[in-house]
Amino acid sequence: NQRWAETKRELLVHIQADKKTAALVLEGARLWAPALGDKLTLRLVSSADIADVRIVFARTVLGDSGLGESQVTFEVSGDDPRVGNAVITGAQMTLRAGLPLALLRLTAAHEFGHVFGLVGRAPEMPTHSPDKRDLMATIVRLKSTLTQRDINTMAELYSKPRPAFRGCRKPFVIRTRLTKQGCKGR
């Protein structure tokens, strides 16, 4: 059970890009609206200092094959970050500069899937869909689309009540990297 806190209804997003590119990235993120409903909304802010999600662009991401990368930070109950409940406390996303617009939109949507909570903290918690047509498949293609399976997975994550934290909270970070060969979490 890992997602933004129940009390967090609006994510503040800072995108270090021109208005057209920022709008396209937000368009990708908003593809998730059918799954999230009113659980999470996004608001673009001009300062990275107050943002929950920071998005930057780089000419190279993971060498020449990288499309995007997300780093999601959690607070986890207990001593083992692979188990127990987790609350997402922030995220950083890097997208490859100069991607074709359609691929940028899909890459942003895929990475926002991770930012919204579709990240595995252990091998038995899959990060990606096994179906290559899904947006959350390991490889994003121009034919990728947000499927009913993607929507159902996200909706299920946000429909469950969050159990109370027991014990101490410890920070934990998961990084996912999307390349032309596939997306991997670590």
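Draft legend 1. Expanded view of the pattern of salt bridges. With the rule as written, the count across this model stands at 6 salt bridges. A salt bridge links Asp 131 to Arg 133; the nearest nitrogen and oxygen atoms lie 2.6 Å apart. In this structure, the salt-bridge partner of Asp 131 is Arg 149, at a minimum N-O distance of 3.2 Å. Of this pair, Asp 131 sits in the loop between helix 3 (101-115) and helix 4 (148-159) while Arg 149 sits in helix 4, placing them 18 residues apart in sequence. On the basis of relative accessible area, Asp 131 is assigned to the buried category, the value being 14%. Through salt bridges that share partners, Asp 131, Arg 133, Asp 134 and Arg 149 make up one connected network.

Draft legend 2. Broad picture of the nonpolar core. With 44 residues, the main nonpolar core has Trp 32, Val 53, Ile 55, Phe 112, Phe 116 and Met 154 as its most contacted residues. The set of elements that each furnish at least two residues to this core consists of strand 2 (10-15), helix 1 (19-29), helix 2 (33-36), strand 4 (53-58), strand 5 (66-77), strand 6 (86-96), helix 3 and helix 4. Examining the composition of this core, we find that 7 residues originate from one element, helix 3, more than from any other. Sequence-distant contacts of Met 154, defined by excluding residues within four places in its chain, comprise Trp 32, Ala 35, Leu 36, Gly 113, Phe 116 and Leu 118.

Parameters and conventions
- Residues numbered from 1 in each chain as written.
- Predicted model: local features only at pLDDT ≥ 70, side-chain atom pairs only at ≥ 80, totals over all residues.
- Heavy atoms only, no water.
- Salt bridge = Lys/Arg side-chain N within 4 Å of Asp/Glu carboxyl O.
- Helix = DSSP H or I, 4+ residues; strand = E, 2+ residues; numbered from the N terminus.
- Buried < 20%, exposed > 50% of the residue type's maximum accessible area, 1.4 Å probe, protein only.
- Core = buried A, V, L, I, M, F, W, Y, C linked by side-chain atoms within 4.5 Å.
- Contact = heavy atoms within 4.5 Å.

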